[in-house]
Amino acid sequence: PVLVVDFGAQYAQLIARRVREASLYSEVVPHDMPAEEILAMEPAAIVLSGGPSSVYADGAPALDKALLEAGVPVFGICYGFQAMTQALGGTVAHTGMREYGATRADIDDTGSTLFNGQPPQQSVWMSHGDSVSEAPDGMKVTARTPGTTVAAFEDDERRLYGVQWHPEVMHSTFGQRVMENFLLRGAGLEAEWTPKNMVDELVARVREEVGEDRAICALSGGVDSMVAAALVQKAIGDQLTCVFVDHGLLRAGEAEQVRTDFVELTGADLVVIDASERYLDALAGVSDPEQKRKIIGREFIRIFEQAARDIVHDRGDNEHPVKWLVQGTLYPDVVESGGGAGAANIKSHHNVGGLPDDIQFKLVEPLRTLFKDEVRQVGLELGLPEKIVYRQPFPGPGLGIRIVGEVTADRLETLRKADLIAREELTAAELDRDIWQCPVVLLADVRSVGVQGDGRTYGHPIVLRPVSSEDAMTADWTRLPYDVLARISSRITNEVEEVNRVVLDVTSKPPGTIEWE
Ligand code: XMP
């Protein structure tokens, strides 16, 4: 694999993703993994990620020089570039001068390994305090920026390369080309990480992890859990049972759709559990979003534990209890629930931070290191139809986190009607593939005055939250055509009695998250 050494921050997984976009298999390893262990993984190349602002900071992670002397091609990025400089005897100046955001890099040698085929000037994304003031011996300096004279260097002989900026972020216009030049030209690797190899690898890992044990899969109706289920089914066949909990927080028609789409297509063993009453009871009186998420996560697990006992009982096979719970957790869920090293807890995704501590399953999460677009590729490779694979994301906690305020049966009914109208109109306007998703939110604790017919109304607002995104980590609000918005608004206020106002959320992420809770 191409190993990305994680020096902290949230860049490492993104780098791994870019490497995989270059069709090479990549994994992230922590910076405190000893060099001999890293080398024992036989890396085809190593990328040193960005990290804290200064190599001089207290406790700044060190780079073991052995990684640079093993004959493995190495690419240092930002902090990794500076750590490399220091390890090889160059100078990192603690100037106190900072360079943040987009800037212009001047490339000195467009025939070099990293910059081959690129223009002499490119927009790059910077985020650093210290600067390399003197490159190590043997390094050829190949780029500079207004803020630093040594912004990139290369040594083809030792196959060591580095850049001060972040080629992995979208704002670095030739970033992916720089990465690919390192991987394909510098390290001389050949692209081979195809969707088929990705599936084979994931299947093999699940097989090894689960062995002869039984597993159940929590199907939510979303893409992630369906792909995870299909993958695990491929790995362990009928050792897997799929369970679909109807928690009563689903959109109109959803439970039916899971049945038809998934079961008929994959022929998987499916148990449907109606738990709507139980959820309404558990959520009664609760309006705090984190508390809702934790309750929904906890009830999920308790229901699965019961389902697992029932499966064993029904099969009369006490020898093989259900040990594993399969979840379609993706990397962004892990990061946002505070799972990445040093990452803050933004919200407890029900299948990560929302899990109870005393959970009796071991978790198998085959998609945990993947981003959404990779999951879609895996899904297609597994033979799932586009109808499932390109389905818009829908959160596990469902409408429970789209009612701002207490969740009640009446409010769910109101939201379901409004949501169905929005979905119908977006589909009719053929906009489904253009938007990432469009949460429809009921502000249950807010009322406003309206007028309808000859009478005064005092109803609730509905929020439309159409967003465009690449991976849900960041998003922008989608500029939907006014006439589509007008149709949705007029239909919702006419057809849903409790609603007298429709508003549009025009916030990007950050600062807003996609969901309101
Ligand atoms: P946020 O609101 O964090 O959402 O910007 C990012 C993406 O994740 C979805 N989401 C969830 N998915 N369980 C899920 O399976 C959850 O608890 C959860 N919370 C948010 C959200 O719909 C968006 O696609």
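Within each chain, residues carry numbers counting from 1 in the order of the written sequence. With pLDDT at 70 or above as the cut-off, local features in this predicted model cover only qualifying residues; side-chain atom pairs require 80 or more to be listed or tallied, and sums for whole chains, interfaces and linings still use all residues.

A. A look at the overall build of the protein. Helices and strands together make up the secondary structure of the protein, namely 14 helices and 23 strands. With respect to the principal axes defined by its C-alpha atoms, the protein has extents near 80 × 65 × 40 Å. Residue burial is a threshold on neighbouring C-beta atoms within 10 Å of the residue's own C-beta, all placed from the backbone, with 20 or more meaning buried, 12 or fewer meaning exposed, and counts in between meaning partly exposed. Out of the 517 residues in the protein, the part that is buried amounts to 45%. By definition, residues are in contact whenever their C-beta atoms, placed on the basis of the backbone, come within 7 Å of each other. Contacts in the protein between residues far apart in sequence, at least 24 positions, make up 73% of those at least 6 positions apart. Numbering of helices and strands runs from the N terminus, with a helix taken as a DSSP run of H or I at least four residues long and a strand as a DSSP run of E at least two residues long.

B. A look at the domain arrangement of the protein. According to the domain assignment, the protein contains domain 1 (2-186), domain 2 (195-389) and domain 3 (402-504). An automatic or database domain assignment is the source of the domain bounds shown. The distance between the C-alpha centroids of domain 1 and domain 3 comes to 45 Å.

C. Focus on the sheet that holds strand 14 (residues 270-274). In this description, strands pair whenever DSSP reports at least two bridges between them. One open sheet accounts for 5 strands, arranged 14-13-12-15-16; its pairing is parallel. Of all the strands in the sheet, the pair left with one neighbour each is strand 14 and strand 16 (362-364). Neighbour-to-neighbour, the strand axes of this sheet turn through a mean angle of 30°, independent of strand direction. Think of each axis as a best-fit line through the C-alpha atoms, taken over the contacting stretch in the case of a helix, with angles from 0 to 180 degrees between the N-to-C directions. Here helix 9 (residues 289-315) sits on the sheet and contacts strand 12 (214-219), strand 13 (240-246), strand 14 and strand 15 (322-326); the angle it forms with strand 12, its principal contact strand, is near 140°.

D. Representation of helix 7 (residues 254-266) within the structure. Here the expected span of a helix is defined as 1.5 Å times the quantity of residues minus one. An ideal rise of 1.5 Å per residue puts 18 Å on 13 residues; helix 7 measures up with 18 Å between its terminal C-alpha atoms. At the exit of helix 7 stands G267, carrying a positive phi of roughly 65°.

E. Molecular detail of helix 4 (residues 175-186). Of all the positions in helix 4, only G175, V178, M179, E180, N181, F182, L183 and G186 are classed as buried. Next to the buried residues of helix 4 lie strand 1 (2-6), helix 1 (11-21), strand 3 (45-48), strand 4 (74-77) and strand 11 (160-163). Phi turns positive, to about 65°, at G188, one or two residues after helix 4.

F. Structural view of the nonpolar core. For our purposes the nonpolar core covers buried Ala, Val, Leu, Ile, Met, Phe, Trp, Tyr and Cys residues that link as a set through C-beta atoms within 7 Å. Formed by 74 residues in total, the largest nonpolar core has its most connected members in A215, C217, V227, V232 and V326. Per-element accounting of this core gives the leading share, 10 residues, to helix 6 (residues 223-236). Split by domain, the residues of this core number at least three in each of domain 2 (195-389) and domain 3 (402-504). When sequence neighbours within four positions are dropped, the list of residues in contact with V326 reads A215, I216, C217, A218, A228, A229, V232 and V364. Of all hydrophobic cores here, the second largest spans 59 residues; its members include F115, A135, L160 and F182.

G. Quick peek at the packing of helix 13 (residues 409-428) against helix 14 (residues 482-495). Two elements in contact, helix 13 and helix 14, have axes whose closest approach is 9 Å; the angle formed by their N-to-C orientations is 150°. It follows from the interaxial angle that helix 13 and helix 14 lie roughly antiparallel. Here helix 13 and helix 14 pass one another in a crossing that is right-handed. Every residue of helix 14 that contacts helix 13 at K417, A418, I421, A422 and E425 is listed here: V484, R487, I488, R491, I492 and E495. Working rule for angles: under 35 degrees goes down as roughly parallel, over 145 as roughly antiparallel, 65 to 115 as roughly perpendicular, anything else as oblique. Crossing handedness is read from the near helix: turned anticlockwise from the far helix by less than a right angle, it gives a left-handed crossing, and turned clockwise, a right-handed one.

H. View of the sheet that holds strand 2 (residues 26-30). Strand order across the open sheet formed by 9 strands is 2-1-3-4-11-10-9-6-7, with mixed pairing between neighbours. Two strands close off the open sheet at either side, each with one partner strand: strand 2 and strand 7 (121-128). Within this sheet the neighbouring strands show an average axis-to-axis angle of 30°, counted without direction. Seen against the sheet, helix 4 touches strand 1, strand 3, strand 4 and strand 11 and runs at an angle of roughly 180° to strand 11.

I. Structural view of the UniProt feature "binding site: ATP" (unreviewed entry) in the protein. As annotated by UniProt and renumbered to match this structure, "binding site: ATP" (unreviewed entry) occupies S220, G221, G222, V223, D224, S225 and M226. Positionally, S225 belongs in helix 6. With near-sequence residues (within four places) excluded, S225 lies in contact with C217, A218, L219, S220 and G328. Note on placement: M226 falls in helix 6. We classify M226 as buried; it has 28 C-beta atoms within 10 Å. Non-local contacts of M226, meaning those with residues more than four positions away in its chain, are made with L219, F262, L384 and I388. UniProt positions are given in the numbering used here, feature names are shortened, and annotations may be inferred rather than shown by experiment.

J. Molecular detail of the pairing of strand 18 (residues 440-443). Bridge analysis of strand 17 (residues 403-404) against strand 18 gives 2 bridges, and the strand direction is parallel. Note on strand 18: the bridge partner recorded for I403 is L442. Pairing of strand 18 with strand 20 (residues 455-464) involves 3 bridges; the strand directions are antiparallel. Residue pairing for strand 20: L442 is matched across the bridge by I462.

K. Here's a closer look at unusual backbone geometry. Here the amide bond leading from K509 into P510 is cis, since omega sits at -15°, within 30 degrees of zero. Of note, P510 is situated in the segment after strand 23 (499-504). Note the cis peptide between P510 and P511, where omega equals 10°. With respect to the helices and strands, P511 occurs in the segment after strand 23. With a phi angle near 65°, S23 is a residue other than glycine that sits in the positive phi range. Tracing the backbone shows S23 in the loop between helix 1 and strand 2. The phi angle at C78 is positive, at roughly 55°, despite the residue not being glycine. Mapping C78 onto the fold places it in the loop between strand 4 and helix 3 (79-87). You can call C78 buried: it has 26 C-beta atoms within 10 Å.

L. Representation of the packing of helix 1 against helix 4 within the structure. Running from amino to carboxyl end, helix 1 crosses helix 4 at an angle of 70°, the nearest separation of the two axes being 10 Å. Accordingly, the angle class assigned to the pair helix 1 and helix 4 is roughly perpendicular. Crossing angle aside, the handedness with which helix 1 passes helix 4 is right-handed. From helix 1, R18, V19 and E21 reach across to helix 4, where they touch Q176, M179 and L183. When residues are grouped by polarity, Ala, Val, Leu, Ile, Met, Phe, Trp, Tyr, Cys and Pro land in nonpolar, Asp, Glu, Lys and Arg in charged, and all others, Gly among them, in polar. Class assignment of the residues belonging to the contact of helix 1 with helix 4 gives a composition of 3 nonpolar, 1 polar and 2 charged.

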